[in-house]
Amino acid sequence: MTVAGPPVLRDNEAEQSVLGAMLVAPGTVSDVLAMLRPEDLASEGHRIIFEAIADLHAQGIAPDQVTVKDELERSGRLSKVQAGALYMAHLAVTVPIPASALHYAGIVREHAERRRLAETTSAATRALMEGADVENVRAHVRTAVGSGRTGERTTLPIEGVRE
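Residues numbered from 1 in each chain as written. Predicted model: local features only at pLDDT ≥ 70, side-chain atom pairs only at ≥ 80, totals over all residues. Heavy atoms only, no water.

## Some words on the nonpolar core
Point 1. Counting 29 residues, the largest nonpolar core has Val 18, Ile 49, Ile 53, Val 68 and Leu 72 as the members making the most contacts within it.
Point 2. Contributing elements (two or more residues each) for this core: helix H1 (12–24), helix H2 (29–35), helix H3 (44–58), helix H4 (65–74), helix H5 (84–94) and helix H6 (101–129).
Point 3. Those residues in contact with Val 68 that lie beyond four places of it in its chain are Leu 23, Ile 49, Ala 52, Ile 53, Leu 56, Pro 63 and Met 88. (Core = buried A, V, L, I, M, F, W, Y, C linked by side-chain atoms within 4.5 Å. Buried < 20%, exposed > 50% of the residue type's maximum accessible area, 1.4 Å probe, protein only. Helix = DSSP H or I, 4+ residues; strand = E, 2+ residues; numbered from the N terminus. Contact = heavy atoms within 4.5 Å.)

Next up, the structure:
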């Protein structure tokens, strides 16, 4: 009998594919931005690129490898992205199917929701082990978890639930 390990709480390929699709198919940007937030991406470098794409989109500028690289340079964030401009080129050429951007975004969101739920339950466990009031922890968990997949992303720190 094989015992499976814990599920992975990130999908680097899906994150790369979302970003790559946004770089080569600017028409996907609005829909992806409606579905994801920067914090949904597990990789800090991916969050930085995502934010640059969102910033350009908000300015009415179509994101591509050049405009995103320039935005990252202008804002001093390019050095925070591993391999910088080369990585943007990698994202653009490795996206499997740009038209599947929303499918990739769904994968990223699912992993983000798993991470948030894992963080919430871990914090609740720590609080309970430290003697927090059960009803306060339960209320914080319910608030943090929210209504599931409706797009609400409310998280409250468990710290302070001992009140």
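## Details of unusual backbone geometry
Point 1. We note that Ala 83 has phi near 70°; this positive angle belongs to a residue other than glycine.
Point 2. Note on placement: Ala 83 falls in the loop between H4 and H5.

## Let's talk about helix H7 (residues 134–145)
Since there are 3.6 residues in each turn of an α-helix, residues three or four apart along the chain are aligned in direction.
Point 1. Here H7 spans 16 Å end to end across 12 residues, near enough to the 16 Å set by a 1.5 Å rise per residue.
Point 2. The backbone nitrogen of Glu 135 has a side-chain oxygen 3.2 Å away, supplied by the residue at the start of H7, namely Asp 133.
Point 3. Looking one or two residues past H7, Gly 146 carries a phi angle of roughly 65°, positive in sign. (Expected span 1.5 Å × (residues − 1). Polar contact = N/O pair within 3.5 Å; in protein donor to acceptor, adjacent residues only side chain to side chain.)

## Some points on the packing of H1 against H3
Point 1. Axis separation between H1 and H3 bottoms out at 11 Å; the angle between their running directions is 25°. The orientation of H1 relative to H3 falls into the category roughly parallel. Here the hand of the crossing between H1 and H3 comes out left-handed. Residues Asn 12, Glu 15, Gln 16, Leu 19, Met 22 and Leu 23 of H1 form the contact with H3, whose participating residues are His 46, Ile 49, Phe 50 and Ile 53.
Point 2. Residue classes in the contact of H1 with H3 are distributed as six nonpolar, three polar and one charged. (Axes fitted to C-alpha atoms, helices over the stretch in contact; angles between N-to-C directions. Parallel < 35°, antiparallel > 145°, perpendicular 65-115°, else oblique. Left-handed = near helix turned anticlockwise from the far one by under 90°. Nonpolar A, V, L, I, M, F, W, Y, C, P; charged D, E, K, R; others polar.)

## A look at the confidence of the model for the protein
The predicted coordinates ought not to be read in detail in places where the model reports low pLDDT.
Point 1. On average, the protein scores 86 in pLDDT, and the residues at 70 or more come to 85%.
Point 2. Counting interchain partners and residues more than four positions distant, the pLDDT-below-50 stretch residues 149–156 has 18 contacts. (pLDDT = per-residue confidence, 0-100.)

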